Amino acid sequence: MIDNLNFVKVAAQKKSLLPVLSHFCIRDGRITGSDGVITLSAPCDLDIETYPKAVPFVLAVNACKGKDIQLSMTPSGKLRVKSGKTSASVECSQEVYPELQPEGELLSFTGDFMGALALLRPFIGTNQQQAWSTGVLIRGNTLTVTNNVT
């Protein structure tokens, strides 16, 4: 979970015109962070729907140092992060998190995988500070890339 959390945390916005984007969305077995332009999502083994404030949630999970982390909702609507003697309650938004999905036409490829990669190469990021943009998402017959602009 910590690896996936570290992946999506770069997208969660600290200051936003849309306050809910300073939170993560945990829903349908995924954790999602967005700044309104870039959205990152990763699988997580949580069977809850909640929108914890991003910065305190990351701090609470990191304080657990990768040990057995238990997450649960408190009666007051906060997300409890617990591992051994370490415990924190993270505020959650009651505002509905927007549905953020990739836009544009999905084009399937069926043949020349290397040719498709060569076509996409100019759109793959190279900035190691934005490691999430330096790869290719392969889902079914679709390749998805970004350089944080395109």
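Scroll up to find the structure this text is about.
Presented here is an overview of the structure given in this document. Per chain, residues are indexed from 1 in the order of the written sequence. Reporting in this predicted model follows two pLDDT cut-offs: at least 70 for local features of residues, and 80 or more for side-chain atom pairs to be given and counted; totals over whole chains, interfaces and linings ignore these cut-offs and use all residues. Neither water nor hydrogens contribute to the side-chain values; these are computed over all heavy atoms in the structure.

Attention shifts here to the sheet that holds strand β5 (residues 79–83). Sheet strands pair by backbone hydrogen bonding; their relative direction is either parallel or antiparallel. Here the rule is simple: two strands pair whenever DSSP picks up at least two bridges between them. The numbering of helices and of strands both runs from the N terminus, where a helix is a DSSP run of H or I of at least 4 residues and a strand a run of E of at least 2. Taken together, three strands build an open sheet; the order of strands is β4-β5-β6 and the sheet is antiparallel. The strands lining the two open edges of the sheet, one partner per strand, are β4 (70–73) and β6 (86–90). The average angle at which neighbouring strand axes cross in this sheet is 20°, direction not considered. With five bridges connecting them, β5 and β6 associate as antiparallel partners. Interaxial angle, 0 to 180 degrees, is taken between N-to-C directions of lines fitted to C-alpha atoms, where a helix line uses only the stretch in contact.

Only Phe, Tyr and Trp rings take part, Trp by its six-membered ring, and two of them pair if their centres are within 6.5 Å. Stacked means planes under 30 degrees apart, edge-to-face means over 60, and tilted covers everything else. Enumeration according to the criterion identifies two aromatic pairs in this entry. When the ring of Phe24 is compared with that of Phe57, the centres are 6.1 Å apart and the planes differ by 70°; the resulting orientation is edge-to-face. In this pair, Phe24 sits in the loop between α1 (2–8) and β1 (25–27) while Phe57 sits in helix α2 (residues 54–63), placing the two residues 33 residues apart along the sequence. Classification of Phe57 as buried rests on a relative accessible area of 0%. An angle of 15° between the planes, with centres 6.0 Å apart, marks the rings of Tyr51 and Tyr97 as stacked. Here Tyr97 lies in the loop between β6 and α3 (113–120) and Tyr51 lies in the loop between β3 (39–43) and α2, a separation of 46 residues in the sequence. As far as the burial class goes, Tyr51 and Tyr97 line up, both buried. Think of it in three bands: with a 1.4 Å probe and only protein chains considered, a residue is buried below 20% of the maximum accessible area for its type, exposed above 50%, and partly exposed in between.

We call a set of buried Ala, Val, Leu, Ile, Met, Phe, Trp, Tyr and Cys residues a nonpolar core when their side-chain atoms join them within 4.5 Å. Residues Leu5, Phe24, Ile31, Phe57 and Val81 are the most contacted members of the largest nonpolar core, which totals 22 residues. Among the secondary structure elements, those contributing two or more residues to this core are α1, β3, α2 and β5. By size, the runner-up hydrophobic cluster in this structure holds five residues, among which are Val20, Cys25, Tyr51 and Tyr97.

Quick look at unusual backbone geometry now. Look at Asp28: it is not a glycine, yet its phi comes out positive at around 55°. Mapping Asp28 onto the fold places it in the loop between β1 and β2 (30–34). A residue is classified by how much of its surface remains accessible, and Asp28, at 73% relative accessible area, is exposed.

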